[in-house]
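Report on the structure
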Amino acid sequence: MDFSIEEYDLTFDFDLSEFTYRGKEKIKLSGEANELVLDSVRLSIDSVKLNGSAVDFDVNDKALRIESRIKSGDVVDIDFHAKVSDTLMGLYLSKTREGTMITTQFESTGARMAFPCIDHPAYKAVFSITLVIDKDYDAISNMPVKKVETSDRKIVEFEKTPRMSTYLLYIGVGKFKYASERYKDREIILASLKDIKSKYPIDIAKRSIEFYEGYFGIPYALPKMHLISVPEFGAGAMENWGAITFREIALMATEDSGSLMKQNAAITIAHEIAHQWFGDLVTMKWWNDLWLNESFATFMSYKTVDSFSKQWDVFSDFIKSETGGALRSDSLKNTHPIEVDVKDPDEISQIFDEISYGKGASILRMIEDYVGAEDFRKGISKYLKEHAYGNAEGSDLWNAIETESGKPVNRIMEAWITKAGYPVLKVNKDGNRIRLTQEQFYLDGTSGNTEWPIPLTIITKKGKVSMLMEDEVYIDEMLKLNANNSGFYRVMYDNDTFNTVISSLDKFSNLDKWGLLNDMYAFLVSGRLSVNEYVERIKNFLNDEDHLVVEEIASQLTSLYLIKPSSQVVYQLAKDYLRNQVQRLGTKKKGEDDKISKLRGIVYQDLVTVDEDFAKELSPQFASLSEDPDLALAKAVAKARTDGLNELIDAANKYTDDEIRVRVIAAMGWCSKDQLSTIFSLIDNGTIKKQDMLYVFSFVVTNPSGRDFFFQNIDKIVSLMEHAFEGTGYTSRILEGSIPYIGLEKYEEIKAKASQIRSPSYNVGIDKGLETLEIIRKLYNKL
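No experiment lies behind these values; they were computed from the predicted model shown. (Residues numbered from 1 in each chain as written. Predicted model: local features only at pLDDT ≥ 70, side-chain atom pairs only at ≥ 80, totals over all residues. Heavy atoms only, no water.)

1. A word on unusual backbone geometry
Quick reminder of the rule: Comment: elements are numbered from the N terminus, with helices defined as DSSP H or I runs of at least four residues and strands as E runs of at least two. Relative accessibility thresholds used throughout: buried, under 20% of the residue-type maximum; exposed, over 50%; partly exposed, between the two (1.4 Å probe, protein chains only).
Geometrically, the link from E107 to S108 is a cis peptide bond, its omega value of 5 degrees lying close to zero. With respect to the helices and strands, the residue S108 is situated in the loop between β10 (99-105) and β11 (126-133). Residue K184 is not a glycine yet carries a positive backbone phi of 55 degrees. Position of K184 relative to the elements: it lies in the loop between β16 (177-183) and β17 (186-192). If you check the backbone angles, D313 has positive phi at about 50 degrees while not being a glycine. For D313, the position within the fold is in the loop between α4 (290-308) and α5 (314-329). A residue is classified by how much of its surface remains accessible, and D313, at 21% relative accessible area, is partly exposed.

This is the structure in structure tokens:
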């Protein structure tokens, strides 16, 4: 296109009884073109004028075409009308017991469902927003209110935005309750339909803004920041500039919430605020660089929270959830490079995944470790200052970091973002020296020939040594490779070198130990280690009391149990280990470290999964659920009681706190097969919110007695997910997780069903699920 839109002047007039709206749009153009084509989906176009005169136009299900020559200074007026959506995408309706809310989710292609526009991240424009609503409602948008007129209706006009992308625009209407505090000359406002119990989220936001302003050297750009609690929200959270939206669970956290909820809320808030600079102020040119936005915000959110809450040891969670999830996903043949060539908007949702978030964030951590924290920071600041209010690509960032550090960042990053997968370093004794070689690691036991320039770190007796490994390397001595697991690769030691590593185990950080454990599990799954070798190696870690080490061992043993509950070796090892941890941790003590509270919750959850007797022991405490939300009381009731579902339904209706409700709803997936059919009616009547279907369907397939239920209802589940989570990729992820479990008992049937239900919006999940099924079938036969 040889033209751009300079400004959108938009008025939305809402009918809050029928949930429809009429829109008036004035578009100011610059440049020249023979026609104007605007993205427009599910909108009824009433009239179009060019410079005040009616013009012909053509509408299909994707676009509005105005077949008139346009030039700079032209103004297009469009009148249109539409229904407020009942999905969780675009401009949509959220109804709960607390009230009705109209809200928006425009990333990645939802703006075109609300108004005609060039819905492309590189086409930034200024937005002037006016909302016409009922008098007893309030309105929120990206900027502060400019003026309010009230007669029969309320007309709310907002200040003009800076130049920004369509996907960052926000419109919210509801009967909001507020809490606010000032940060310097900016107001931070928490808005919710529910009563606000705490300013904890505002405190996290203020600390995050303070950290980013110092780190980037750039003040927060807008006059205010809203943190908006949305009752029904598919995306989880969204960085709309100055009007950030969250699921209620993130903004309902208080100082007294469970340790897991407090920490997750802080990381989520810090993630979205990072985007106010990296994504909003400077935006990717196109969705192939989506990972740049998301991986950076992911990495920075942990760095931010770590700066003001060392007690949480959040980089332990980073490495377990972000790095660990990415290593697993990226070891499949059905992975994708970090940078993806996105052509069709339908493809975008499927790259909001572990690669775009977790792998990208882990690569940034590796590069920071390689160039040094200060040069990394200077490069980020340079990039943001040079491209403020504009668009950029990944290469712009690498150039900035390379300029500041003097190291070959461009060459390294080019390899890591364009090549799918990652290496395993093979470590072998070769005479008096140690030989290091690399090959691509696959979870199916095969290997590839792709090679990477690897920022390699070696822990030696004298300290850490760093080098760039581009060919095979010989070293004289080592205690361990990959210090603090800062590199995105695995390490396969031969028996001699593994014994060397284990002899120095007490010298390593918990991140180092996690890397050894996680690699061992991957080598077991891929067939590089036998079950006996794995068991012998893991014994070296069973007495370690570090929270990250315990979490990783508990996760591995529980995962093996869920693959083959009948395996006595796995069952006994898992039960004994988890019982020992429960006994060691004891009951919750006043003022104890949050890491201990969180760990107790994790081992309780895992032991309930593995041990029916423990579920029966724990279930009588269900009435005290709110006293320690970290514990697995809801899951214990689901497993131990024949009428467990009724108790969970009562609890879901009783508690308004999403922290507890989500745990209760997820636990429903662990009810017996004959109770599970009630799940659909609970979704219909709102006991299970649309957004919370995710939790119950995820748990159903980990429940051995729920897999048949999922298979029998797979068409209905997919239909519900696709309607509610349009454009998010969640259906793809649910299928990826469910197919392997179902296929352990229904191998041919699930393959046939997967072929039957294929669709462009979730084919990736089907392919990854089928590949994982083949991998764990082999493991099943060995356990």
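2. Observations concerning the UniProt feature "binding site: substrate" in the protein chain
Selection criterion: UniProt positions are given in the numbering used here, feature names are shortened, and annotations may be inferred rather than shown by experiment. In this description, contact between two residues means that some pair of their heavy atoms is separated by no more than 4.5 Å.
Per the UniProt record, "binding site: substrate" is found at E107, G236, A237, M238, E239 and N240. These annotated residues cover 134 residues of sequence, and their C-alpha atoms all fall within 12.7 Å of one another, placing them together at a single site. Tracing the sequence through the fold places G236 in the loop between β18 (224-230) and β19 (237-238). Beyond its immediate stretch of four places on either side in the chain, G236 contacts F246, R247 and Y730. Mapped onto the secondary structure, M238 falls in strand β19. Residue class for M238 comes out buried when judged on its relative accessible area of 0%.

3. Quick notes on the pattern of salt bridges
Stated formally: Think of a salt bridge as a Lys or Arg side-chain nitrogen and an Asp or Glu carboxyl oxygen that are within 4 Å of each other.
In the structure shown here, the tally under the stated rule is 64 salt bridges. Between E726 and R42 there is a salt bridge, with the nearest N and O atoms lying 2.5 Å from each other. Of this pair, E726 sits in the loop between α25 (714-724) and α26 (730-743) while R42 sits in the loop between β3 (36-39) and β4 (44-50), placing them 684 residues apart in sequence. Look at R42 and you get exposed, because its relative accessible area is 53%. For R600, the salt bridge goes to E592, with nearest N and O atoms at 2.6 Å. For R600, a relative accessible area of 2% puts it in the buried group. The class of E592 is buried, set by a relative accessible area of 17%. Taken together, the salt bridges that share partners define one network made up of K194, E248, D658, R661 and K689.

4. Regarding the layout of surface pockets
Operational definition: Grid spacing is 1 Å over the protein atoms alone, the probe is 1.4 Å, and a cavity is where that probe fits but cannot get out, while a pocket is an open set with protein on both sides within 12 Å along at least five of seven lines and lining residues have an atom within 4 Å of a point. Grid points are joined across faces, edges and corners, and a volume is the space filled by probe spheres set on the points. All residues other than Ala, Val, Leu, Ile, Met, Phe, Trp, Tyr, Cys, Pro, Asp, Glu, Lys and Arg, Gly among them, are scored as polar; the first ten of these are nonpolar and the last four charged.
Considered as a void within the structure, the second largest pocket measures approximately 360 Å³ in volume. What lines the second largest pocket is a set of 22 residues, and nearest its centre among them are K95, T96, E232, G686 and K689. Elements with a minimum of two residues in the lining of the second largest pocket: β9 (90-96) and α20 (658-668). The dominant element in the lining of the second largest pocket, judged by the number of residues it contributes, is β9, at four residues. Class assignment of the residues belonging to the lining of the second largest pocket gives a composition of three nonpolar, eight polar and eleven charged.

5. A few points about the sheet that holds strand β26 (residues 454-460)
For the record, the criterion: At least two bridges found by DSSP between two strands are what make those strands a pair.
The strand order β27-β26-β29 describes an open sheet built from three strands, whose pairing is antiparallel. The sheet is open, and its two borders are formed by β27 (463-469) and β29 (480-481), each paired with just one other strand.

6. Thoughts on the packing of helix α14 (residues 547-563) against helix α16 (residues 594-610)
Formally: Axis angles are defined between N-to-C directions and span 0 to 180 degrees, where every axis is a line fitted to C-alpha atoms and, for a helix, only to the segment in contact. Every angle not falling under 35 degrees, over 145, or within 65 to 115 is termed oblique; those three ranges are roughly parallel, roughly antiparallel and roughly perpendicular. Here is the rule for handedness: rotate from the far helix to the near one, and if that takes an anticlockwise turn smaller than a right angle the crossing is left-handed, while a clockwise turn gives right-handed.
Contact pair α14 / α16: the axes reach a minimum separation of 10 Å and the direction vectors enclose 15 degrees. It follows from the interaxial angle that α14 and α16 lie roughly parallel. By crossing handedness, the relation of α14 to α16 is classed as left-handed. Here H547, V550, E551, A554, S555, T558, Y561 and L562 of α14 lie close against α16, whose contacting residues are K595, K598, L599, I602, V603, D606, T609 and V610. Each residue belonging to the contact of α14 with α16 can be placed in one class, and the counts come to eight nonpolar, four polar and four charged.

7. Quick look at the UniProt feature "active site" in the protein chain
Taken from the UniProt record, the annotation "active site" applies to E272. Among the structural elements, E272 can be located in helix α3 (residues 259-275). You can call E272 buried: its relative accessible area is 5%.

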